[in-house]
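Per-entry structural report
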Amino acid sequence: GASNLQERLASTDPNNADDTPPPAPADDPEVIVFYSDQRPIIDGQYDPLWTTYAQFKDQNSMDLGFGNEVILPDNGLIDPSMADDFKWAAVHDGTYLYLLVIAESGNNQTPFGDSEAIFNDDSVDIYWDGNNSKNDSYDGVDDFHVTVALLAENGEANNSSAEGARIAVIENSTPIDDLTTIQYAVDLSNGIQQVYEFRLDLAALKIPVDSTFGFELDINNDADGGDRDAKWVWSNDSGVDNTSRFPSRMGNIILEALP
């Protein structure tokens, strides 16, 4: 379904249908992220501000969740239905994009942080393509991919200001020289649900306001230590874990214009 030129540019295998550059999705935004002059504190704590100001639904009034599984073991370690409880939300203030991710809950919680590669532990992947070019490869300009771990190096909840904080800019991503442009915190204290909060600096990370850009969120799950066992994603419905190679797999969102 792709030309030889497309395959060569994307370094994909023309004899493998799963390794073919995907078609670009429509440009229409799937999510409109509301503006608010109220700002959440990045501490991993859910507070009423999220309910009042943030966007929890897409343009079809469907909850923003992680309904597309791209990695799932066949060894019975994980119940796929656990992803039904996973949710995300977003809000912006013209300077920062704020993200809330609600992950494992109750008896499903199996927090691990024993791997050198963050994506092999419980973690969240964030992808964005500032100009929504939907290329078949990362352009080194405004196509980004970072992974933030659930646990810091000391085994406690991860936090961008803590010693041993764990965040990684993934191989194909545009470099991020100043990681303080991404603030994050995880809350595990209530023992009920794992909650991540993020704050992304719009200008520094080339995220536009009032213009559609590419975006994706993934949840990695490690059920027993070692390599990850499962991965669920928001927008990529190909069934293949390939957003880290193809920006064209990202969904589309837009930040509401400033008042």
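This section reports on the structure supplied with the text. (Residues numbered from 1 in each chain as written. Predicted model: local features only at pLDDT ≥ 70, side-chain atom pairs only at ≥ 80, totals over all residues. Heavy atoms only, no water.)

**Details of the pairing of strand E9 (residues 193–201)**
Here E9 lies mainly inside the structure; 7 of its 9 residues are buried. With 8 bridges joining them, strand E4 (residues 96–105) and E9 adopt antiparallel strand pairing. Considered in E9, the bridge of Tyr 98 is made with Arg 199. (Buried < 20%, exposed > 50% of the residue type's maximum accessible area, 1.4 Å probe, protein only. Helix = DSSP H or I, 4+ residues; strand = E, 2+ residues; numbered from the N terminus. Pairing = 2+ DSSP bridges.)

**Here's the deal with the pairing of strand E8 (residues 182–187)**
Counting buried residues along E8, 5 of its 6 residues qualify, which places the element largely inside the surrounding structure. Of the pairings in the sheet, the one linking E8 to E9 comprises 6 bridges and is antiparallel in character. When the bridges of E9 are listed, Gln 183 appears paired with Arg 199.

**Considerations on the side chain of Asp 229**
Tracing the sequence through the fold places Asp 229 in the loop between strand E10 (213–221) and strand E11 (230–233). For the buried Asp 229, no salt bridge is present, and the opposite-charge side chain at shortest range is Arg 228, 9.1 Å distant. (Lys, Arg positive; Asp, Glu negative; His and termini not counted. Salt bridge = Lys/Arg side-chain N within 4 Å of Asp/Glu carboxyl O.)

**Observations regarding the pattern of salt bridges**
Opposite charge on two side chains permits them to pair, given that their charged atoms come into close proximity. Summed over the entire model, instances satisfying the criterion amount to 7 salt bridges. Here Asp 63 ties to Lys 57 by a salt bridge, and the two come within 2.6 Å at their closest N and O atoms. Among the residues examined, Asp 63 registers a relative accessible area of 45% and is labelled partly exposed. Assessed through its relative accessible area of 35%, Lys 57 is described here as partly exposed.

**What about unusual backbone geometry?**
Here Asn 132, not a glycine, exhibits a phi torsion of approximately 55 degrees, which is positive. Summarising the element assignment, Asn 132 is placed in the loop between strand E5 (123–129) and strand E6 (143–149). Residue Asp 210 is not a glycine yet carries a positive backbone phi of 65 degrees. Here Asp 210 lies in the loop between E9 and E10.

**Let's talk about the sheet that holds strand E3 (residues 87–92)**
Strand order in the open sheet made by the 4 strands is E3-E4-E9-E8, with antiparallel pairing throughout. Taken across any chain shown, the strands that pair with only one partner, and hence form the sheet edges, are E3 and E8. Between one strand axis and the next, the sheet turns by 15 degrees as a mean value, whatever way the strands run. (Axes fitted to C-alpha atoms, helices over the stretch in contact; angles between N-to-C directions.)

**Some points on the nonpolar core**
Core analysis: the biggest nonpolar cluster contains 43 residues, and Trp 88, Leu 99, Ile 126, Trp 128, Phe 198, Leu 200 and Phe 215 have the highest contact counts within it. Dropping the residues within four chain positions of it, Phe 215 is found in contact with Trp 88, Leu 99, Ile 126, Tyr 127, Trp 128, Trp 234, Met 250, Gly 251 and Ile 253. Counting 8 residues, the second largest nonpolar core, distinct from the first, contains Ala 54, Ala 89, Val 91 and Tyr 98. (Core = buried A, V, L, I, M, F, W, Y, C linked by side-chain atoms within 4.5 Å. Contact = heavy atoms within 4.5 Å.)

**Observations concerning the packing of aromatic side chains**
Inspection of the entire model under this criterion finds 8 aromatic pairs. When the centroid spacing of 6.0 Å and the interplanar angle of 10 degrees are considered together, the rings of Tyr 196 and Phe 198 count as stacked. Taking the relative accessible area as the measure of exposure, Tyr 196 reaches 2% and is therefore buried. Taking the relative accessible area as the measure of exposure, Phe 198 reaches 0% and is therefore buried. With 6.4 Å between their ring centres and 85 degrees between their planes, Phe 213 and Phe 215 make a pair best called edge-to-face. There is no split in this pair, since Phe 213 and Phe 215 are both buried. Within the aromatic cluster, the residues linked to one another by ring pairs are Trp 88, Phe 213, Phe 215 and Trp 234. Over the ring of Tyr 96 we find Arg 199; its NZ or CZ atom is 3.9 Å from the centre of that ring. (Phe/Tyr/Trp six-rings, centres within 6.5 Å; stacked < 30°, edge-to-face > 60°. Lys NZ or Arg CZ within 6 Å of the ring centre and 35° of its normal.)

By themselves these figures say nothing about function.
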